[in-house]
Structure formats: C-alpha cells, structure tokens
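Spelled out, the chains give:
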Amino acid sequence: MAAKFLSLACMRSESSRGGGDLSPRPHYPSMPKYPKGALSSQEEKNMEGSESTALFSVVGMTCSSCAGSVEKAVKRLPGIKEAVVDVLKKRAHVMFYPSFVNTETIQETIEDVGFQATLVEDETNEKSAYVCRIQIKGMTCTTCSTTVESALQAVPGVQKALVALATEEAEILYDPKVVSYNQLIEAVEDSGFEAILISTGEDTSKIQLKIEGKWTSNSMRMIESSLQALPGVQEVDIDPELYKFSISYKPDLTGPRDLIKVIESTESGRFKAMFFPEGGGRESHRKEKIKQYYRSFLWSTVFTIPVFLTSMVFMYIPGLKHVMDTKVVNMLTVGELIRWTLATPVQFVIGHRFYVGSYNALRHGSATMDVLITLGTNAAYFYSVYNVSRAATSPYFKSTDFFETSSMLISFILLGKYLEVLAKGKTSEAIAKLMELSPEAAILLTLDKEGNVIGEEEIDIRLIQKNDVIKIIPGAKVASDGYVIWGQSHVNESMITGEAWPVAKWKGDTVIGGTVNENGVLHIKATRIGSESALSQIVRLVESAQMAKAPVQKFADRISKFFVPLVIILSFSTWLAWFLAGKFHGFPKSWIPSSMDSFELALQFGISVMVIACPCALVLATPTAVMVGTGVGASQGVLIKGGQALESAHKVNCIVFDKTGTLTTGKPVVVNTRLIKTMVLREFYELVAAAEVNSEHPLAKAVVEYAKKFREDEENPAWPEAQDFKSITGHGVKAVVMNKELIVGNKSLMLKENIVIPVEAEEMLAETEGLAQTGVLVAVDRDLVGVLAISDPLKPSAAEVISILKSMKVRSIMVTGDNWGTANSIAKEVGIDTVIAESKPEHKAEKVKELQAAGYVVAMVGDGINDSPALVAADVGMAIGAGTDIAIEAADIVLMKSYLEDVITAIDLSRKTFSRIRLNYVWALGYNLISIPIAAGVLFPSTRLRLPPWIAGAAMAASSVSVVCCSLLLKNYRRPKILDNLEIGGIVVEL
C-alpha cells in the first residue's frame, strides 16, 4: 500500500566489505548509496545531463542472485551510470550515456546472462504518476472531507485521492500528463476550502529566496535570466511585493549555494539572497489554528459572560433585577437590550466561520456540523429578535428571549474546537520529534584535487548539495545521508532505527542524517539530501500511514453520510411533536416553565436535539487512534504503514517465518573446512573465492569473507579472474578459474552435474546438517575436493519469541529455501513444529495462501528479495529492517531494529490500538444514542429533566474532546513486560 511512497531508486545490492563487523548493521528504508559507474569521475562530470533512462522487463528472475547477475552484467558495460534491478516487479531500470552504449546492447547483455529482456517504451522517460500532498484549511467534520475527496476524484487524471480530517491533509495520486497540481489546488478551493501545497511528488526540489537590494525591472530580468541559464534550473517565479524568488531545480545538477552565488554575483554584488522565512507546514498551521480558536473563544467569552449574568444571575439580585427590568421602549427592557447588543457580534462576527462552512457545504449539496450549529443558533437568535422587536413595538407584549442560548452555544463549541485541535496536535508528535532530529548547521569541507582538506566553513544545513563533503565532529549530528570517505567512529542510530548500541563506521560505510556521531571525526560525502533522505522518507511513511483509512473507519463514514440530515429531521420532529402536544393540551400546563410558553418549550427541545448530536466523535474514533498508534510504533522502531496494516495485525493467529536473516542473524560464517583431496588451503580458497565473489548470495559472501583471512596482508585482495561464470539459482555457481573448471554448490547441483560424491563427503554433509549448518561442496575439474560448513547463528531471542507467540495463541511456521536437515535442526532449536524446506519464492507465497484458505489470518516475517511474494500475499507482511529494500517495500510493517521480538510488539500494539478504537466507538455511539433522546425530552414527563441548548452544546463539544483524549492515552503504551529481559544480540536489555 505504501510502496508508492518509497522510491525503488534507493534499491541496491549489498556489496561485500572487508573487516569484521563490530556491531549489528541494520539496513533501513531508502538508505543512501554510492553509485559506481563505468566512467571516470571527470568523464562523468563532462557528460552530466546527457544521460538517458531505459526500463526493461526481465523475465525469469526468481531471487537476489538473479537480480545481482543482471545488475553486475549491465554495470560492466561502458557508459552505464546506474542500474537498478527489481526482481519483484521484473524490471531493470538503467541510466546510461547514449554516446557509449545503446538500449540494444543493454538488452543483449541481459539476455546473455540467461534472462528474456524487453524494452518498456512508454515508461522509459517519465513517471506515470505523482503523489501530491495538500494541506486543507476549514474542514470541520467528515462531510467536509468527503466533499473534498469527491471533488478531487472527479478531476480527470486523478487516480486516487485520500482526505484525512484528523491531519487536515489530502494525498492525491495523479497523472502529470493529464492534470497539474495547480488544478488539484483549484478543485479543493472550488469546494470552499483553503488549499496549501505541501509537495508535488515531482523529481525536483524547490527553494524560496528573499532578495535584498535595490529592485528594478531590469535587474530582476537579469537575475531571472542568470538563474535559468544555470544547468538544472527548471522554473523561476518572482513575487515583487515580497521580494521573493521561487526556484525549482534538479538537485543532481545544482543546489541552493549555486543559486545564491548566481544571484549575489549579478550586477557586481548589489543583491543579497537568503532563505525566505518559512510560514507554512503542518506544525505552523496547527499553531495558527490553535491561536485562532483561542482568540475566538476568548472574545466570545467576553461577550457571553454578561449575557449569561443578565439572563441567569442578575434576575435573582433585587437591586440589579430592578435595573434589568427597567423599560426602554414600550415593553423592551434594559436586560433584553443588553443581551441583544452583546449576542449579535457573537452570532455574526465570532460565529462567522460557521456561516461560511454552512454555505460551502450547502453549495455542494451536503450537510456538515456547521449546518447544525448554524441552524440551532439562528433559531434561538432570530426567535429572540422577533420577541424583543415585538416587545419594543407593543405596550402589552412581554417577551422571552434566548440570546444566552445562541451565544453560550457558540462559546462552548469554540471551547470544544480549541481543546480538540490542541489534543489532535499531540497525536502527531512522533512526526514532529523525527523532524527535530535534523541539525541546523553543518561543517562544509573544501578539498583540493588530491582530496586534501584546504578549508572548512559552517553553513546552514539547507545549503548542503549533493556530493558535498561534510565534517562530523564527535557529539554532533550527522548532517546528511551519505557515506564515509575518511575516518572511523561509532554512530548512535537509536533515534532513527531503535538500534540499542552505537554502530561502527569506517571508510565506505553509509550514514544516516539525524544520527549522532559518538567518538571520532568523520568526513562524509552527501548522497541524499532534503526529501530524498532516509529521515524524510521515514517521516513520509509515517505521514502516509496516518493518512490511510483503516477498514473499520468505513462504518463511521457510512453513518456520518446520513447523520446530519437525520438529526435535522429529528430536531424538527421533536419541535413539532412538543408544539402540537402543547397546542392540543397533550400535557399539563404545569410542565411549562413560567418564563416561556409551549412554543418556546418545544423550540428549546428542538434546538437541544440539533446541537447535542455529534458526528465528530464518531469520525475521530478511528483516525486519532491510528495516528497515535503509528506514532508510538515509530518511536518503538516499528514502522506501521497505515490503518489497514494496523487492523489486520490485531487479528493475526498464524505467523510464517523465513529462516535466514529472520530467525537467524543473516550473517553466515564459515565454521569448518574439510578437504577430501590433498590441497593447500590457501590455494583452495583462492579458487573458491574467485568464483563466489561474482555471486550476491549470503553464503557466497561468507566464503569470500573467510578467504580474505588467508590474504591479510592485502586490504582489498584481487581474486583471479573467473571466466564463463554462471549462477544456478538455488543451487550454486560454475566458473573457470586459472584454467580449472570449478563448481561450488549444494548436493543437488553435484548430482545434476554427474559429479560423484564420496561416502566420506556424504557423512560430512549429514553431520553438518545435524548441527543446523549448511554444507557447500566444491568440485575442481569435476572431482569433489572439499566440503565447507557454513553456520548462520540463531538470534538469541528466537526461541523465547516463538514461546511467547504460543502463549498468545499464535501458530508459528518456518518456510525456507535451505535443505531439510538444516531447517529441521533450526526449527527444533527454536520450538517450531511445522517446517517447509527447499521452497522457492513462489512456493512461500503459495503456502501463505493455503493457510489463508484454511481460515488463518497470516503474517509473513522475512528479510530477503525471495520473501517479497509471500510478504505481499500475507494479510500482514513484516520486513526485518536489516533486509533488502524490495522486502521493506513489499511489507506492511517494518521492524527497524531487526529484533525478532518486535513482531510481538507490533501485534500487541495493534491489539491495544484496536481495543482503544472499539472503546471510542462505544463512547461515540453510546453518547449519541443516549443524549439525543434526553435532549428530545424523553425524561421530561417523569423527571422534569430537560437539557437547555447551551448545556447540550457543551456536551457535544466535550464528546469530541473525550474521544481524542482517549486515543491520546495510547501514548503511554509500553511493550509487554515479558520482552524487557530478553537477550538481544548477547546483551541483556533492562528497561
């Protein structure tokens, strides 16, 4: 669901790295990478901007080895800038320089690897859809959000539109070839609401600069021309009144410093450019809204308190009662005149927002909460105006007014709105905390041609451009996503990933913006800035999750469509029933208070019904809980991609686990080597590493890493060239190394190649599998020469997690591509009863579907590309954060810390969230079902209990606030205590 928000441009194949890991190394969504093209840096710089993009459909890929083979083959071609292979979508995305290579050559290369390739013409050069985000001001209830959503859906070119009342934002998937984002903004504004663009989803960045200096039309034209001449600048908009330039540009080609430099160098430095003061954003909009409601409530209170005192209090104080009853004109008294004068600005000035909201709603044929408030207050106000006007023109008519009803109603509703906005702001604190992680300044280094530092300066973080070299001192925050080019240190990534311990970083390692450098100085090269950074993408993922509607919310949406019209009918029916009952003496006159007649009593009942009904509580029940739940999840290192995932997770009763990287650490190591033929061990590993270095398989990487121990004198050893290399998916590799035919793989590969396996080797394999290890056979010139035992250690908490899941009545199953012997040993060790081994990716997905057909709600937990089909097929896909980008993109929940026990946290959090949603619905429905009959006077005949309209209005306001506050209690969520003392990575965590 949220896959469209995480670009596949961030995918990469993990390259093997030298040295041993000092600590766990999780991988996160949209981690930065360093593209290694075939061109030299100078050639690439000269060719910048002339590259083309091609998209190929690749048939036959089944796992990461396939994708790695295609990617490596394409990258070896001259003129390739970047190649990204997506095995899940069967696509290869290639950026290349046409003067060096063409699409036919790329296609032939892919086919030479053994896969069928086809050029996808219509998707080659541009995206087919963008995601636009718009902030919407003025929505008060679900009818407003539904109106905007319908208006956006009706725009040609809009594929999907989501409008969230809780966040007051719209997310629109649209085709830029059919409709522009400006037309989407117009559609929102035509619906009667104010729209502010947050992002367009286009592959450009936008900067707003304030220009100081002597403005003339000629100088502005010169600046505009200079900017447009800069490579990468796409659009320049000028606002002369605000001295503002809005510039759209491609961050790959230029950046803020280049733009400012161009402006300040125009006309001999007469102008100075700086960032335009920011006034937008969700947080500033929320604060502005809080201030507006606070001011409105304050002014309303100033006018309403005297109205209340003259109506309810002064009449019982003898001296003041006499003053209030003094006649002004005919029967019009001082008290009535004061109340009329003070209630009028409350009704029409302070209550102006309700009239605007009602007009916009009725103009589009819908009825909102504003309509109910306007009808109720107007009924009370204009009936009072009629009465006092009649009293002023008649010497005999003694009037009764309800000015206190209209003014107090508006005051209490404004108070409720103020408290509601205040509470709703706290539901998205997780996003605000993530945004605060980014530092305000960075140290920019200047290097000479040899790469030596010749200068440094502190700059605003917004001035960082791609490929800048940034210095990170101990204790400072990492300013940008990138990779280390000098130095080594430990970086605390807990604020992003939840990783408990600092992660070792040295040359070539990636770093994430917003994390904290612990003890050493690092020089990093910036690769992803602004909206491309991992932090920004995590924020976007959480925002998208909060936008997405849980299926349970459809219930509230269906009710709210008919709620307001039904309440209006009930209100009118209540008034009519009481009025007719009074007219035809259906009840004793003693029931009617002395200060009013039967018409006025009926009117009060009708108004009370109208204002006490509250669809807002019903509408806010789900989204506020989902917002808090996803925010709490993010703070716990569990990224939940929306209400659908949250709702499905609480029903899970069966979990399918992948083995490698999920139940095990995913970092296999060679633990034993047995040679059957006489060979020097160094020469043996020289041959094996030369073949395996071309494979992307984790076992191959383990072999290469172990082989490096025999060449410790070299930092990055160069292995002999492997000719005729071939990767056999799920089996092993073949190659010719130093004129020797080499076959490295499992038993089935050897049998397929008709290689005799000695009894001694068979026994070694059986012993290896019995120890939950994987046996790899090596044949040289079709003669078996050795057996490698590779172990992938279990995660320390695996057995405890399976045991806890059993106690939660959740069934655990293990599905793996590994052999049956190793799979059974691992399953026995962790306590899993059902095992399926030697499974291909499609078999994993089929098993998930079988379990679903048997009535289970299935969660799949995996980390690899081969797990992606099963992650998509499952009711809930959970990706380990250290896994591949494709697995993370296919999943509904991402376990950022890569801790297995977070599976339990995710399920427990979803159960707690949905119990809160149920409680919200019970309260919201119960409130309306009980309060409406009481307001209609059901208890009046027996108890003489009636709710004055102003009390009904206060109850309505309180119901919305109570639902939001109930959801906010989720912020106190703590993961199950049983998890607190589990061993994590060999370290006991005590919370």
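Up top is the structure.
Note that the coordinates shown come from a computational prediction; the quantities given were computed from them, not determined experimentally. (Residues numbered from 1 in each chain as written. Predicted model: local features only at pLDDT ≥ 70, side-chain atom pairs only at ≥ 80, totals over all residues. Heavy atoms only, no water.)

### Topic: the pairing of strand β2 (residues 80-86)
Side-chain positions along a regular strand alternate between the two faces of the sheet.
Phase 1: Counted residue by residue, β2 has 7 buried out of 7 residues, so it is predominantly covered.
Phase 2: When β2 meets strand β3 (residues 91-96), the two strands line up antiparallel, connected through 6 bridges. Looking at β3, one finds that aspartate 86 is bridged to arginine 91. (Buried < 20%, exposed > 50% of the residue type's maximum accessible area, 1.4 Å probe, protein only. Helix = DSSP H or I, 4+ residues; strand = E, 2+ residues; numbered from the N terminus. Pairing = 2+ DSSP bridges.)

### Considerations on the sheet that holds strand β25 (residues 654-657)
The strands that make up a sheet are held in pairs by hydrogen bonds between backbone atoms, and each pair lies either parallel or antiparallel.
Phase 1: Strands sit in the order β24-β36-β35-β34-β25-β32-β33 across an open sheet of 7 strands; the sheet is mixed. Strands with a single pairing partner mark the edges of an open sheet, and in this sheet they are β24 (638-640) and β33 (834-836). Put simply, the sheet's adjacent strands are angled 20 degrees from each other on average, direction ignored.
Phase 2: Pairing of β24 with strand β36 (residues 893-895) involves 3 bridges; the strand directions are antiparallel. Residue pairing for β36: leucine 639 is matched across the bridge by valine 894.
Phase 3: Contacts between helix α27 (residues 820-830) and the sheet are confined to β32 (811-815) and β33, with β33 contributing the most and set at about 155 degrees to the helix. (Axes fitted to C-alpha atoms, helices over the stretch in contact; angles between N-to-C directions. Contact = heavy atoms within 4.5 Å.)

### Some words on the sheet that holds strand β26 (residues 669-675)
Phase 1: Reading across the sheet, the 6 strands line up as β26-β31-β30-β29-β28-β27 and stay open at both edges, with antiparallel pairing between neighbours. In this open sheet, the two strands that pair with only one neighbour each are β26 and β27 (722-728). The mean inter-strand angle of the sheet, taken between neighbouring strand axes irrespective of direction, is 15 degrees.
Phase 2: Across 5 bridges, β27 lies against strand β28 (residues 732-737) in antiparallel orientation. Residue pairing for β28: glutamine 723 is matched across the bridge by valine 736.
Phase 3: Running over the sheet, helix α23 (residues 698-707) touches β26, β30 (774-780) and β31 (783-791) and is turned about 75 degrees from β26.

### Quick notes on the environment of tryptophan 950
Phase 1: Residue placement: tryptophan 950 occurs in helix α33 (residues 949-968).
Phase 2: Sequence separation of tryptophan 950 and isoleucine 413 is 537 residues, and the distance between their C-alpha atoms is 9.4 Å.
Phase 3: If sequence neighbours within four positions are ignored, tryptophan 950 has contacts with Met312, Thr405, Met408, Leu409 and Phe412.

### Side note on the packing of helix α18 (residues 598-612) against helix α31 (residues 902-935)
Any two packed helices are characterised by the angle at which their axes cross and by the distance between the axes.
Phase 1: Where α18 meets α31, the closest approach of the two axes is 8 Å, and the angle between their N-to-C directions is 165 degrees. With respect to α31, the element α18 is oriented roughly antiparallel. The chirality of how α18 crosses α31 is right-handed. The residues of α31 that touch α18, namely those facing Phe605, Ser608, Val609 and Ile612, are Tyr927, Asn928, Ser931, Ile932 and Ala935.
Phase 2: Its residues assigned to classes, the contact of α18 with α31 shows 6 nonpolar, 3 polar and no charged. (Parallel < 35°, antiparallel > 145°, perpendicular 65-115°, else oblique. Left-handed = near helix turned anticlockwise from the far one by under 90°. Nonpolar A, V, L, I, M, F, W, Y, C, P; charged D, E, K, R; others polar.)

### Details of the packing of aromatic side chains
Phase 1: This model, assessed by the stated rule, comprises 24 aromatic pairs.
Phase 2: Centroid distance phenylalanine 579 to phenylalanine 599: 5.7 Å. Interplanar angle 90 degrees. Geometry classified as edge-to-face. Placement of phenylalanine 579 in helix α17 (residues 553-583) and of phenylalanine 599 in helix α18 is noted, with a sequence separation of 20 residues between them.
Phase 3: Look at phenylalanine 579 and you get partly exposed, because its relative accessible area is 21%.
Phase 4: Using a relative accessible area of 25% as the deciding quantity, one classes phenylalanine 599 as partly exposed.
Phase 5: Ring centres 5.3 Å apart and planes at 85 degrees place the aromatic pair phenylalanine 684 and tyrosine 685 in the edge-to-face group.
Phase 6: When its relative accessible area of 1% is taken as the criterion, phenylalanine 684 is described as buried.
Phase 7: Assessed through its relative accessible area of 1%, tyrosine 685 is described here as buried.
Phase 8: Taken together, the aromatic side chains of Trp340, Phe348, Tyr355, Tyr381, Phe382 and Phe403 make up a single cluster linked through ring pairs.
Phase 9: Against the face of phenylalanine 275 rests arginine 462, its NZ or CZ located 4.1 Å from the ring centre.
Phase 10: When the ring centre of tryptophan 719 is taken as origin, the NZ or CZ atom of arginine 711, which lies over that ring, is 4.9 Å away. (Phe/Tyr/Trp six-rings, centres within 6.5 Å; stacked < 30°, edge-to-face > 60°. Lys NZ or Arg CZ within 6 Å of the ring centre and 35° of its normal.)

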